[in-house]
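# Structural overview for review
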Amino acid sequence: MDWSQVTALTIPEGNVKQVSVNGVVLWRKSLLPSGYTQLEYIESTGTQRIEPNISGNARWVITAQANLIKGNSQVLISSTGSGESGTWYGESTNSRVWGAGGTALSDIPPTTKTTADLTFNNSGITGTIGGISVVRNITSKNSIWSIFASTSQSYPFIGKLFEATVYQNDEIVRKLIPAKRDSDNVLGMYDTVTGQFFTNAGTGEFIAGPRFVEYIEFDGNSWIDTGFTQQTCRIEFGVEFINHNNATQFMGFHVSNTGFWGIARKGAKEFHPNVQKAYPYQYNDVIINFDATNTTAPVLTLTIGDATSSPVVGSTVNPKTTYVMGGVKYGSNINYNNFMKVHYNRIYNANNELIQDLRPCLDGNNVACMYDMVTGTYFYNQGTGQFITGDIV
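Residues numbered from 1 in each chain as written. Predicted model: local features only at pLDDT ≥ 70, side-chain atom pairs only at ≥ 80, totals over all residues. Heavy atoms only, no water.

### With respect to the overall build of the chain
The secondary structure content of the chain amounts to zero helices and 37 strands. The contacts of the chain with a sequence gap of at least 6 include a subset with a gap of at least 24, amounting to 62%. (Helix = DSSP H or I, 4+ residues; strand = E, 2+ residues; numbered from the N terminus. Contact = heavy atoms within 4.5 Å.)

Dropping the structure here:
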């Protein structure tokens, strides 16, 4: 097929736009029907709960992240009115760990996004939390299940719920997705099995997680300091410059005495350093490899699409500088501000571990920002301009 002749594509009803981490526009079947917006999570402050209208023996596969308060036990899922048995709970009085039915797992930090796969039946509790085995000889009572607290609101859980799937007799009976009902902006968990929307059975209101967008656009006066200190690393991002003037625009580190380290759009038709084959006013996947092992002669290599620069050797490393999106930090000032669209930004450390994964989004208050999938942290515009967002994905 000659794609150059295609002027429009009709997307089948029920599909939504999705952009891959390398910027490729895809389409996927929507998890939710029209009238609902999928969220990354919903967050409880301690007074909310969800009752998904199921009872009895069950297997739960659930992903959550706790914001634990020292000294308070917190129930994430419970099948009893008191919350004393048949539960996966957050914290005992003297330790801040995940556990199940009274068994604590000290190896799982509670503020880490964690997935549990637990089976509750008349023989006890078995399964894993964060990959660690759990065996607990405690009987699960045959009463209604509740999320975020027991049905009597005992031991309320304070934290984020990302998803939950419930099995009974080896069949999925609930697949719960965090969502917002568009007609009244009420938050809850949408069940894709039954089509029910379970809202807050407690008091107060849930906090909405982010809605992801295709990109955020920097307007030349907006920027984000990621807080990442210059060190051996690999930085990957998708970028498209949108301003055609000849001024240098930059994204990366500042290094004393040697200039700037990162990617620059220098002039109208090239990237710098030494990558002239990739046109800056179209979408590009960029990889910055920075080797700071030798602090007196750090090496930077830049890859844009299929083009790779020759290694550039500098004279020093300044670990006090941080990685800035939308410009470069020089003292307390931001120079060489960018007019560009950023689709994603990932940072790997020297051990090839993903330590920051920034995605463009709208937060629960509809403010454009970047959301870190690793730590669950929002990064907001620190400049005087404003972010423009792409389509919700």
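### Thoughts on the packing of aromatic side chains
By the definition in use, this model includes twelve aromatic pairs. Between Phe218 and Phe387 the ring centres are 5.0 Å apart and the planes differ by 75 degrees, which places this aromatic pair in the edge-to-face class. Of this pair, Phe218 sits in strand S20 (residues 216-219) while Phe387 sits in the loop between strand S36 (378-379) and strand S37 (388-389), placing them 169 residues apart in sequence. Taken as a pair, Phe218 and Phe387 share a single burial class, namely buried. Members of the aromatic cluster, joined through ring pairs, are Tyr41, Phe162, Phe212, Tyr371, Tyr378 and Tyr380. The residue whose ring lies beneath Lys113 is Phe162, and the NZ or CZ to ring-centre distance is 4.2 Å. For Arg234, the ring lying beneath its charged end belongs to Tyr348, and the centroid distance is 4.0 Å. (Phe/Tyr/Trp six-rings, centres within 6.5 Å; stacked < 30°, edge-to-face > 60°. Buried < 20%, exposed > 50% of the residue type's maximum accessible area, 1.4 Å probe, protein only. Lys NZ or Arg CZ within 6 Å of the ring centre and 35° of its normal.)

### Description of unusual backbone geometry
Of note in the backbone geometry, Asn53 takes a positive phi value of approximately 60 degrees without being a glycine. Considering the arrangement of structural elements, one finds Asn53 in the loop between strand S4 (42-44) and strand S5 (58-66). We note that Asn352 has phi near 65 degrees; this positive angle belongs to a residue other than glycine. Checked against the element boundaries, Asn352 lands in the loop between strand S33 (339-348) and strand S34 (354-362).

### With respect to the pattern of salt bridges
Enumeration over the complete set of coordinates arrives at nine salt bridges. As a salt-bridge pair, Arg49 and Glu51 come within 2.9 Å of each other at their nearest N and O atoms. Look at Arg49 and you get buried, because its relative accessible area is 12%. Across the pair Glu236 and Arg234 runs a salt bridge whose closest N-O atoms are separated by 2.8 Å. We classify Glu236 as buried; its relative accessible area is 11%. Each of Arg234, Glu236 and Arg346 takes part in salt bridges that share partners, so that together they form one network. (Salt bridge = Lys/Arg side-chain N within 4 Å of Asp/Glu carboxyl O.)

### Thoughts on the side chain of Arg346
The residue Arg346 is located in strand S33 in this model. Polar side-chain contacts of Arg346 include one of 2.6 Å to the side chain of Glu236. At a separation of 3.4 Å, a polar atom in the side chain of Arg346 contacts the side chain of Tyr348. (Polar contact = N/O pair within 3.5 Å; in protein donor to acceptor, adjacent residues only side chain to side chain.)

### Structural notes on the nonpolar core
Core analysis: the largest hydrophobic core is formed by 34 residues, its most contacted members being Ile235, Phe237, Ile263, Val286, Tyr323, Met325 and Met370. Per-element tally for this core: the top contributor is strand S22 (residues 233-241), with five residues. One finds Ile54, Ile125, Val166 and Phe198 within the second-largest nonpolar core, a separate group that totals 31 residues. (Core = buried A, V, L, I, M, F, W, Y, C linked by side-chain atoms within 4.5 Å.)

### Structural notes on the state of the cysteines
For the structure shown, the criterion picks out zero disulfides. Unpaired in this structure, Cys369 has its nearest cysteine sulfur neighbour in Cys361, at a distance of 3.6 Å. (Disulfide = S-S within 2.5 Å.)

### Comments concerning the pairing of strand S14 (residues 159-168)
Most of S14 is tucked away, with eight of its ten residues classed as buried. Bridging between S4 and S14 involves three bridges; their strand directions are antiparallel. In the strand pairing of S14, Ser44 is matched with Gly159. As paired elements, S5 and S14 share eight bridges and run antiparallel to each other. Following the sheet pairing, Ala64 is matched in S14 by Leu161. Linking two consecutive strands that pair antiparallel, namely S14 and strand S15 (residues 171-181), is a turn of two residues; a positive phi of about 55 degrees is found at Asn169 within it. (Pairing = 2+ DSSP bridges.)

Structural measurements only, silent on function.
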